[in-house]
Amino acid sequence: MKLIAGLGNIGDKYVFTRHNAGFMVLDRWAYQDNFSFKQESKLKAFVCKTKINDEDIIFVKPTTFMNLSGEAIRAVMDYYKIDVKDIIIIYDDIALNIGKIRIRANGSDGGHNGIKSIISHIGTNNFNRIKIGIGPQIGPSEYFVLNNFPKEQSEILKEVLDKSIDAAKSIMLDGIEKTQNKFN
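Residues numbered from 1 in each chain as written. Predicted model: local features only at pLDDT ≥ 70, side-chain atom pairs only at ≥ 80, totals over all residues. Heavy atoms only, no water.

Secondary structure assignment for the chain yields six helices and seven strands. Walking the chain from its N terminus toward its C terminus, one meets helices and strands in the order β-α-β-β-β-α-β-β-α-β-α-α-α. A compact globule built from 184 residues would reach a C-alpha radius of gyration of about 16 Å, and the chain, at 15 Å, matches this within 12%. In terms of its C-alpha atoms, the chain occupies a principal-axis envelope of roughly 40 × 35 × 35 Å. In the chain, which comprises 184 residues, the proportion classed as buried is 52%. A total of about 9100 Å² of accessible surface is found on the chain, and carbon and sulfur atoms cover 47% of it. Taking the average location of the 25 positive side-chain charges in the chain and that of its 22 negative ones, the two points are 1 Å from each other. (Helix = DSSP H or I, 4+ residues; strand = E, 2+ residues; numbered from the N terminus. Rg over C-alpha atoms; globule rule 2.2 N^0.38 Å. Buried < 20%, exposed > 50% of the residue type's maximum accessible area, 1.4 Å probe, protein only. Areas by Shrake-Rupley, 256 points an atom, 1.4 Å probe, with all protein chains shown as cover. Lys, Arg positive; Asp, Glu negative; His and termini not counted. Charge placed at Lys NZ, Arg CZ, Asp CG, Glu CD.)

Across all of its chains, the model carries eleven salt bridges by this definition. D162 serves as the salt-bridge partner of R28, at 2.6 Å between the closest nitrogen and oxygen. Of the two residues, R28 is situated in helix α1 (residues 21-33) and D162 in helix α5 (residues 154-174); the sequence distance between them amounts to 134 residues. On the basis of relative accessible area, R28 is assigned to the partly exposed category, the value being 25%. Linking K131 and D93 is a salt bridge whose minimum nitrogen-to-oxygen distance equals 3.4 Å. Placement of K131 in strand β7 (residues 128-135) and of D93 in strand β5 (residues 87-97) is noted, with a sequence separation of 38 residues between them. Look at D93 and you get buried, because its relative accessible area is 12%. (Salt bridge = Lys/Arg side-chain N within 4 Å of Asp/Glu carboxyl O.)

Our focus in this paragraph is the sheet that holds β7. Hydrogen bonds along the backbone pair up the strands of a sheet, which may run parallel or antiparallel. Strand order in the open sheet formed by seven strands is β2-β3-β4-β1-β5-β7-β6, and the pairing between neighbours is mixed. On the outer flanks of this sheet lie β2 (38-40) and β6 (101-104), each paired with one strand and no other. Along the sheet, successive strands turn relative to each other by an average axial angle of 30 degrees, direction set aside. Note: strand β1 (residues 2-6) against β5, four bridges, orientation parallel. Within the sheet, the bridge partner assigned to G6 lies in β5 and is I90. Across the sheet, α1 lies against β1, β3 (45-52), β4 (55-62), β5 and β7, angled at about 135 degrees from β4, the strand it touches most. Across the sheet, helix α6 (residues 176-183) is in contact with β6 and β7; its angle to β6 comes to roughly 160 degrees. (Pairing = 2+ DSSP bridges. Axes fitted to C-alpha atoms, helices over the stretch in contact; angles between N-to-C directions. Contact = heavy atoms within 4.5 Å.)

What follows is the structure, given as structure tokens:
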């Protein structure tokens, strides 16, 4: 069983913000593959359980808001008994330019509060990640990440969301190293 989590903030005012890139990937994937999320209050997340290539996949969008994402990830891991080696976290990265993604098998939080929360709650920084570029940053980061993507970036955004879906599928099928070689 695999856990694929997209990070973001819940609520209409955040839907198209840069900080919601992880949610956007899962929403696009759900639209393309015709699955839907159900709110699971006890897991602090919107959850969808499905199969890809005969493997159970749990898609997760935390309802805890970005800075407390680790609470939901830990709850889902415990409930479904998912090992840390079987999780993929998809989130925004201010240090990468729009249109770029970076695949990592581990690393620091890089100043990202959602990742900081996950590391704190699961007790390790050794988990698979797909970082989606939202830069270059203009102004203070706390304001930049909560602004919507500009309309002129919509085509680039669609491409990077699709690329992120492909990368997640590649991690599941081919492993992290082959995926890094292919996408980084």
